[in-house]
Amino acid sequence: MKHLIALGLLIALVVGAGGGAGAQAPIEGELTLITPVSKFIHDAALKAFADYAKEKWNVTVKTNAIPAGTPVAYGRIVEWKGKPDADIFWGGESALFEKLAGARLLQKVEISKEAWDSIPVSIGKPKPIPLKDKDGFWVGTALEPYGIVYHPVKIKRLGIAEPRDWEDLLNPKLRGEIAQCAPTRSSSSNATYEVILSMYGEDKGWDWLRRLAANTGHFTARSRDVPTVVAKGEFAAGFAVPSYMAFEEKLAGFDLRYVAPRNAFVTPEPMAILAGTRNARTARAFIEFLLSERGQRVFMERGLFPITPRYKVQGAPGSTAELAVQFTGGVRSYFDADVSNVYDEDVAAKRSEALKTKFRSDIEAVWRKPN
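Counting restarts for each chain: residues are numbered from 1 in the order of the written sequence. Reporting in this predicted model follows two pLDDT cut-offs: at least 70 for local features of residues, and 80 or more for side-chain atom pairs to be given and counted; totals over whole chains, interfaces and linings ignore these cut-offs and use all residues. With hydrogens and water excluded, all non-hydrogen atoms of the structure serve as input to the side-chain values.

Only protein chains enter the area calculation, which uses a 1.4 Å probe; residues under 20% of their type maximum are buried, those over 50% are exposed, and those in between are partly exposed. Numbering of helices and strands starts at the N terminus; helices are DSSP runs of H or I of at least 4 residues and strands are runs of E of at least 2. Burial of strand β10 (residues 178-181) is two-sided: the residues I178 and Q180 facing one way and the residues A179 and C181 facing the other way are all buried. Pairing between β10 and strand β11 (residues 216-220): four bridges, direction parallel. Paired with I178 across the bridge in β11 is T216. Between any two strands, pairing holds if DSSP finds at least two bridges. Relative to strand β12 (residues 237-242), β10 runs parallel, the two sharing two bridges. When the bridges of β12 are listed, I178 appears paired with A237.

Given below as structure tokens:
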């Protein structure tokens, strides 16, 4: 009898220890992103998740972000060869995520079925924009257009109408007044170059881009710098600017306006878990959190749009959410109306390197700052 009691106590201790360990560590205590998404967004997302993890699991998650333009981030992930210094890759063109998946440098997201199913397969016509990977290696987190920012005072001084479409940027009075970032440094520029090439075809498209370069007074080091130099009045307009980057300048008090022209690319801000990560459970929990209403609210208050038809941007009068709606022309959800899209995912993936090479030879090598 004594032996049975002792055995029972031993089993209870082992089970209790195992259950306690599991309860104490449902997720790992660290999370690192590599991302082109600005600090304005990723800091808020990481803080909100850390607060949530503490509330839900009583786990203190140490968070970190490695800022890098999309092409640079992609290159570093390739160089890590499955032994990454980060857990998650977030933001940019989904074509690069497809390439990483093909190279076996991503692992499947494997979030809950409810979270996965809440996101539609695609958005946009005639070319659908994928909002999640059909094989499960990446998932969209928020929607944002790549459009045009402009400084209304400078535009008025130049004696021209406020820009509404891409063609407006070719106005001769804007010579030296355009800011843009090279597609070799920025996914938003790369995607918008693809939009121009898709609208006009290769020959006419590159002619259009060379004419844009003739009006360009500055190529910034980062896409994030484009709305900054326009907001400060150094240039009249900026090309291929993500909506939230422009909205950040608006919140800072600058007189800046934004428009998403026809066929402006709408990115789903893809997110993927890197193969070889040491914090896979935390990475999955982070993604699920961002897709929840609480996570989507973090985005919606910063000029981004929900990735699911379930939510719309809305807030109290005078709130940042309502200001974001006003700033982006009254849009509350990109699922409320048809999205016009000509960006072709397959073409973009195949043309990616050729586009960058042609930019270097046809634009970068011959560009001179207008007098």
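Let us keep going from here.
Moving on, we come to helix α12 (residues 293-300). Regarding α12, the residues found buried are G295, Q296, V298, F299 and M300. Each element contacted by the buried residues of α12 is listed here: α2 (39-57), β3 (88-90), α11 (280-291) and α13 (320-327). Contacts: residue pairs with any heavy atoms within 4.5 Å of one another.

Right, let's talk about the packing of helix α3 (residues 70-80) against helix α4 (residues 94-102) for a bit. At a minimum axis separation of 11 Å, α3 and α4 run at an interaxial angle of 5 degrees. Comparing their axes, α4 and α3 come out roughly parallel. Taking contact as the criterion, the partners of T70, Y74, I77 and V78 in α3 are, on α4, L96, K99 and L100. Asp, Glu, Lys and Arg are counted as charged, while Ala, Val, Leu, Ile, Met, Phe, Trp, Tyr, Cys and Pro are counted as nonpolar; the rest, among them Gly, fall into the polar class. Of the residues assigned to the contact of α3 with α4, the class counts are five nonpolar, one polar and one charged. Think of each axis as a best-fit line through the C-alpha atoms, taken over the contacting stretch in the case of a helix, with angles from 0 to 180 degrees between the N-to-C directions. Throughout, the term roughly parallel applies to angles under 35 degrees, roughly antiparallel to angles over 145, roughly perpendicular to angles from 65 to 115, and oblique to all others.

Side-chain rings of Phe, Tyr and Trp, where Trp is taken by its six-membered ring, are said to pair if the distance between their centres is within 6.5 Å; with planes under 30 degrees apart they count as stacked, over 60 as edge-to-face, and otherwise as tilted. One pass over the full model with this rule turns up 20 aromatic pairs. Between W90 and F299 the ring centres are 5.9 Å apart and the planes differ by 50 degrees, which places this aromatic pair in the tilted class. Taken together, the positions of W90 in strand β3 and F299 in helix α12 put the pair 209 residues apart, joining distant regions of the chain. Just as W90 is buried, F299 falls in that class too. An angle of 70 degrees between the planes, with centres 5.6 Å apart, marks the rings of W166 and F239 as edge-to-face. On the criterion of sequence distance, the pair formed by W166 in the loop between α6 (152-157) and β10 and F239 in strand β12 is long-range, its members being 73 residues apart. Of the two residues, W166 and F239, both sit in the buried class.

The next thing to look at is the pairing of strand β2 (residues 62-67). Working note: regular strand, side chains alternate between the two faces of the sheet. Pairing between strand β1 (residues 30-35) and β2: six bridges, direction parallel. Within the sheet, the bridge partner assigned to E30 lies in β2 and is K62. In this fold, the crossover linking β1 to β2 by way of α2 has right-handed handedness. Handedness rule for crossovers: strands pointing away from the viewer, path from the first strand over the helix to the second running clockwise, crossover right-handed.

Structurally, R284 can be placed in helix α11. Here R284 falls in the buried class, since its relative accessible area comes to 18%.

Now for the packing of helix α7 (residues 187-200) against helix α8 (residues 202-215). Contact geometry of α7 with α8 gives a least axis separation of 7 Å together with a crossing angle of 135 degrees. With respect to their mutual orientation, α7 and α8 come out oblique. Judged by the sense of rotation from one axis to the other, the crossing of α7 with α8 is right-handed. On α8, the residues that touch Y193, I196, L197 and Y200 of α7 are E202, K204, G205, W206, W208 and L209. Per-class residue counts for the contact of α7 with α8 are seven nonpolar, one polar and two charged. Here a crossing is taken to be left-handed if its near helix is turned anticlockwise relative to the far helix by less than a right angle, and right-handed if that turn runs clockwise.

Moving on, we get to the nonpolar core. Among the buried residues, those of types Ala, Val, Leu, Ile, Met, Phe, Trp, Tyr and Cys that are joined through side-chain atoms within 4.5 Å form a nonpolar core. One finds L31, F49, I88, W90, F239, F286 and I287 to be the most contacted residues of the largest nonpolar core, which totals 102 residues. With eight residues, the single largest contributor to this core is α2. For F49, the contacting residues outside a window of four places in its chain are I27, L31, V61, T282, A285, F286 and F289. I77, L96, A101 and L106 belong to the second largest nonpolar core, which has 19 residues in total.

So, on to the pattern of salt bridges. Here, a salt bridge means any side-chain nitrogen of Lys or Arg that lies within 4 Å of a carboxyl oxygen of Asp or Glu. Using the criterion set out here, one finds 23 salt bridges in the structure. Here R351 makes a salt bridge to E202, at a shortest N to O gap of 2.8 Å. Here E202 lies in helix α8 and R351 lies in helix α14 (residues 345-364), a separation of 149 residues in the sequence. R351 sits in the buried class, given a relative accessible area of 15%. Among the salt bridges present, the one from R224 reaches E248, with a minimum N-O distance of 3.1 Å. Residue R224 is found in the loop between β11 and α9 (225-231), and its partner E248 is found in helix α10 (residues 243-251); the two are separated by 24 residues along the sequence. For R224, a relative accessible area of 12% puts it in the buried group. We classify E248 as partly exposed; its relative accessible area is 21%.

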